[in-house]
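Chains, contacts and geometry: an overview
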Amino acid sequence: MDIYDVLLRDFPFLLKGLGVAIVLLAALLSIGFVLGMAICLTQLYGPKSRFVQWPLVIYERIFRGVPIIIMLFIFFYGISGVVDISAFGAAILAMGLRSGAYQSQIFRSAFQSVPAGQMMAARAMGMSKMSAIRNIIFPQAARHAIGPWTNEFSSEIKETSLAYVIGVVELTRQAHYIITSTQGNILTVFAVVALLYFILNRTGNSLLYAFERKLAVPGFEK
Amino acid sequence: MANDLILDVQDVRKAYDGLEVLKGISFSLCKGETKVLIGPSGSGKSTLLRCINYLTVPDAGRIYLNGEEVLDTNIDAIRARIGFVFQDFNLFSHLTVLDNVRICQIKVNGKRKDAATERAHQELERVGLADKAGAYPAELSGGQQQRVSIARALAMDPEVLLFDEPTSALDPELTGEVVRVMQQLATEGMTMVVVTHEMSFARQAADEIIFMENGYIVEQGSPEIMFTDSRQERTRAFLNVIAEHG
């Protein structure tokens, strides 16, 4: 059997691996989104008390300052000693928490780029702070955030491949399984895998850019 | 008549880092009156205006709107009854003109969407921008933006309208269209406090001019008296400078 027959035969496994990567990506981005938004809102509009703010800063520094591969090991081997956690669960948790740290900073700068006068005008008309954030500040911040968020999206797609080190059977690990049965054709297999990552990345980014264009407001400054 | 009193400002004081900007200001405003605050930069006019609706929280003093004291606890409800027009417009930049005039009617006053829409169109008509309902703020000139922000304030049925240097960010050509709208409002009996350097507006539309300097009210009186026969040397000096350069 030459490599192309093998690839053809095993392509469903690659697609399955891609599926796992997509689920991992969706899960970690969702966790990161909720966490990042909560942190951003607390940092900007929450209590100024150190007991609230410092833990957030420490969390954000740690998760932005430690390589993801180390975090994966710590979460998998660390947590599995205490509770039963699958490699997939550990990967979602480690990468979701890390993405939360990054997304909090994307959102924070997006919120801060909304001119102070917008909040002032909303409050001057009797809107509560919550209502002003939801109806006036958030829609503008969201438009500012999409661009930087595509970066986070692209990075995280690629970093799902690292989950392979703790045994998650995602795309990269599937590729390894194929390689072990086809001596010598490593490059061809990885080329196909690279193409799959690339297509996923481009598709996702195209959708995000389309979303950005759909929300575009004439004359609204970037 | 006491029940005509809309706004009563009593002995308001404000300091920033120990620097007193307002040193005990009192004035009142009856229904339908227009009072114009004038004075050199840094005299505390804008701070005073912002203290009225607690955009700047005063250190001391009391403010009453239609007999109800303005407090931290009721501030959102109070603000909904006070229109505020900013120097730099502050239109909501992600919303169309129509939505700008509509959103607070719905979100703050709880109006139904169709009622809010109808009212928004009326107010846009009133400021001469009926044809701009679908435009976004960044597509309008400064003068048009300021007229939209006036419409936005009017649509809330304010008991009093506060203007914070509404024409200072506009070039002379655009100033005229905003001043005309303000004059029309004054004629129609809107209750207004206006901080401005537009002396033509002060002269024609004000029931009373209040001259402030260094955190005090130096002098107040009708435009006729203030422009021709002011008692204070400082008022005359200020008006002369404005007359030469304005």
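Definitions and cut-offs
Residues numbered from 1 in each chain as written. Chains lettered and ligands numbered in written order. Predicted model: local features only at pLDDT ≥ 70, side-chain atom pairs only at ≥ 80, totals over all residues. Heavy atoms only, no water. UniProt positions renumbered as here; feature names shortened; annotations may be inferred. Helix = DSSP H or I, 4+ residues; strand = E, 2+ residues; numbered from the N terminus. Rg over C-alpha atoms; globule rule 2.2 N^0.38 Å. Buried < 20%, exposed > 50% of the residue type's maximum accessible area, 1.4 Å probe, protein only. Lys, Arg positive; Asp, Glu negative; His and termini not counted. Charge placed at Lys NZ, Arg CZ, Asp CG, Glu CD. Contact = heavy atoms within 4.5 Å. Pairing = 2+ DSSP bridges. Axes fitted to C-alpha atoms, helices over the stretch in contact; angles between N-to-C directions. Expected span 1.5 Å × (residues − 1). Salt bridge = Lys/Arg side-chain N within 4 Å of Asp/Glu carboxyl O. Polar contact = N/O pair within 3.5 Å; in protein donor to acceptor, adjacent residues only side chain to side chain. Phe/Tyr/Trp six-rings, centres within 6.5 Å; stacked < 30°, edge-to-face > 60°. Lys NZ or Arg CZ within 6 Å of the ring centre and 35° of its normal.

With an unreviewed UniProt entry as reference, chain B is termed Polar amino acid transport system ATP-binding protein, source organism Vreelandella arcis. UniProt annotates chain B under Sequence similarities (unreviewed entry) with the comment "Belongs to the ABC transporter superfamily." Recorded in UniProt for chain B, the comment headed Subcellular location (unreviewed entry) runs: "Cell inner membrane".

An unreviewed UniProt entry lists chain A under the name Amino acid ABC transporter permease, from Vreelandella salicampi. Its UniProt record, at the heading Sequence similarities (unreviewed entry), says of chain A: "Belongs to the binding-protein-dependent transport system permease family. HisMQ subfamily."

What follows concerns the overall build of chain B. Across its full length, chain B carries nine helices and ten strands. Computed over C-alpha atoms, the radius of gyration of chain B comes to 18 Å, within 12% of the 18 Å expected from 2.2 N^0.38 for 246 residues, which places it in the range of a compact globule. Once the C-alpha set of chain B is aligned to its principal axes, its extents read approximately 55 × 40 × 40 Å. For chain B, with 246 residues in total, the buried portion stands at 55%. Between the averaged position of the 25 positive side-chain charges in chain B and that of its 36 negative side-chain charges there is a distance of 3 Å.

Residue and element names in this part refer to chain B. Assignment of secondary structure puts Thr 47 in helix H1 (residues 45-52). Owing to a relative accessible area of 14%, Thr 47 belongs among the buried residues under this scheme. If we ignore the near neighbours within four places in the chain, the residues touching Thr 47 are Lys 14, Tyr 16, Val 21, Leu 22 and Thr 56.

On to the environment of Ala 116 of chain A, then. Residue and element names in this part refer to chain A. Structurally, Ala 116 can be placed in helix H5 (residues 116-124). Under the relative-accessibility criterion, Ala 116 is labelled exposed at 61%. For the pair Ala 116 and Val 20, spaced 96 residues apart in the sequence, the C-alpha separation amounts to 43 Å.

Residues and elements named next belong to chain B. Ordered in space as E6-E7-E8-E3-E9-E10, the six strands form an open sheet in which the pairing is mixed. For this open sheet the edge positions go to strand E6 (82-85) and strand E10 (216-221), each flanked by a neighbour on one side alone. Ignoring strand direction, the axes of neighbouring strands in this sheet form an average angle of 15°. Across four bridges, strand E3 (residues 34-38) lies against strand E8 (residues 192-195) in parallel orientation.

Residues and elements named next belong to chain A. The residues that UniProt annotates with the feature "transmembrane region" (unreviewed entry) are residues 20-41, 62-79 and 177-200. Across residues 20-41, helical content stands at 100% and strand content at 0%; the span's end C-alpha atoms are separated by 31 Å. Summarising residues 62-79: 89% helix, 0% strand, and an end-to-end C-alpha distance of 17 Å.

Further remarks concern the sheet that holds strand E1 (residues 5-16) of chain B. Residues and elements named next belong to chain B. With antiparallel pairing, the four strands of this open sheet are ordered in space as E2-E1-E4-E5. The open sheet has two free edges, formed respectively by strand E2 (19-30) and strand E5 (68-69), since each of these has just one partner strand. Bridge count for E1 against strand E4 (residues 60-65) is five bridges, and the pairing is antiparallel. Paired with Asp 8 across the bridge in E4 is Tyr 64.

All names here are of chain B. Compared with an ideal rise of 1.5 Å per residue, which puts 16 residues at 22 Å, helix H6 (residues 172-187) spans 22 Å between its outermost C-alpha atoms and is within 8% of the ideal. Within the span of H6, buried status applies to Leu 174, Thr 175, Glu 177, Val 178, Val 179, Val 181, Met 182, Gln 183, Leu 185 and Ala 186. Of the surrounding secondary structure, the elements contacted by the buried residues of H6 are E3, helix H4 (113-126), helix H5 (142-154), strand E7 (160-164), E8 and helix H7 (199-205). Backbone geometry just after H6 places Gly 189 at a positive phi near 90°.

Counted according to the given criterion, the structure contains 23 salt bridges over all chains. Residue Glu 60 of chain A pairs with Arg 64 of chain A through a salt bridge whose shortest N-O separation is 3.0 Å. Of this pair, Glu 60 of chain A and Arg 64 of chain A are both found in helix H2 (residues 50-65), four residues apart, which corresponds to roughly one turn of the helix. Across the pair Glu 123 of chain B and Arg 119 of chain B runs a salt bridge, and its minimum N-O distance is 2.8 Å. One end of the pair, Glu 123 of chain B, and the other, Arg 119 of chain B, are both in helix H4, four residues apart, so they sit about a helical turn from each other. In this structure, Glu 123 of chain B and Arg 119 of chain B share a single accessibility class: buried.

Here we come to the interface of chain B and chain A. On the chain A side, the residues contacting the 24 residues of chain B number 21 residues. Its salt-bridge partner being Arg 123 of chain A, residue Asp 76 of chain B comes within 3.3 Å of it at the nearest N-O pair. Applying the counting rule to chain B against chain A returns six residue pairs in polar contact (both at pLDDT 80 or more). Of all the secondary-structure elements, those providing two or more residues to the side of chain B that touches chain A are helix H2 (75-80), E6 and helix H3 (97-107) of chain B.

Here the focus is the environment of Gly 78 of chain A. Its place among the elements puts Gly 78 of chain A in helix H3 (residues 68-80). Distance in space between the C-alpha atoms of Gly 78 of chain A and Ala 142 of chain A is 36 Å, their sequence separation being 64 residues.

Note on strand geometry: in a regular strand, side chains alternate between the two faces of the sheet. The pairing of E1 of chain B with E2 of chain B spans nine bridges and is classified as antiparallel. In the sheet register, Val 9 of chain B faces E2 of chain B, and the bridge partner there is Phe 27 of chain B.

Now for the packing of aromatic side chains. Tallying each qualifying case throughout the model produces ten aromatic pairs over all chains. Consider the rings of Phe 111 of chain A and Phe 138 of chain A, whose centres lie 6.4 Å apart with planes at 50°: the pair is tilted. Of this pair, Phe 111 of chain A sits in helix H4 (residues 87-112) while Phe 138 of chain A sits in helix H6 (residues 129-159); the two residues are 27 residues apart in sequence, bridging distant segments of the chain. The class of Phe 111 of chain A is buried, set by a relative accessible area of 4%. What makes Phe 138 of chain A partly exposed here is its relative accessible area of 35%. Judged by centre distance (4.8 Å) and plane angle (50°), the ring pair of Phe 84 of chain B and Phe 86 of chain B falls under tilted. For the residue pair Phe 84 of chain B and Phe 86 of chain B, the accessibility class agrees, reading buried in each case. Among the aromatic side chains, those forming a connected cluster through ring pairs are Tyr 45, Phe 111 and Phe 138 of chain A. Between Arg 64 of chain A and the ring centre of Tyr 102 of chain A, over which it is positioned, the NZ or CZ distance is 5.8 Å. Note that Arg 152 of chain B overlies the ring of Phe 92 of chain B, its terminal NZ or CZ placed 4.6 Å from the centroid.

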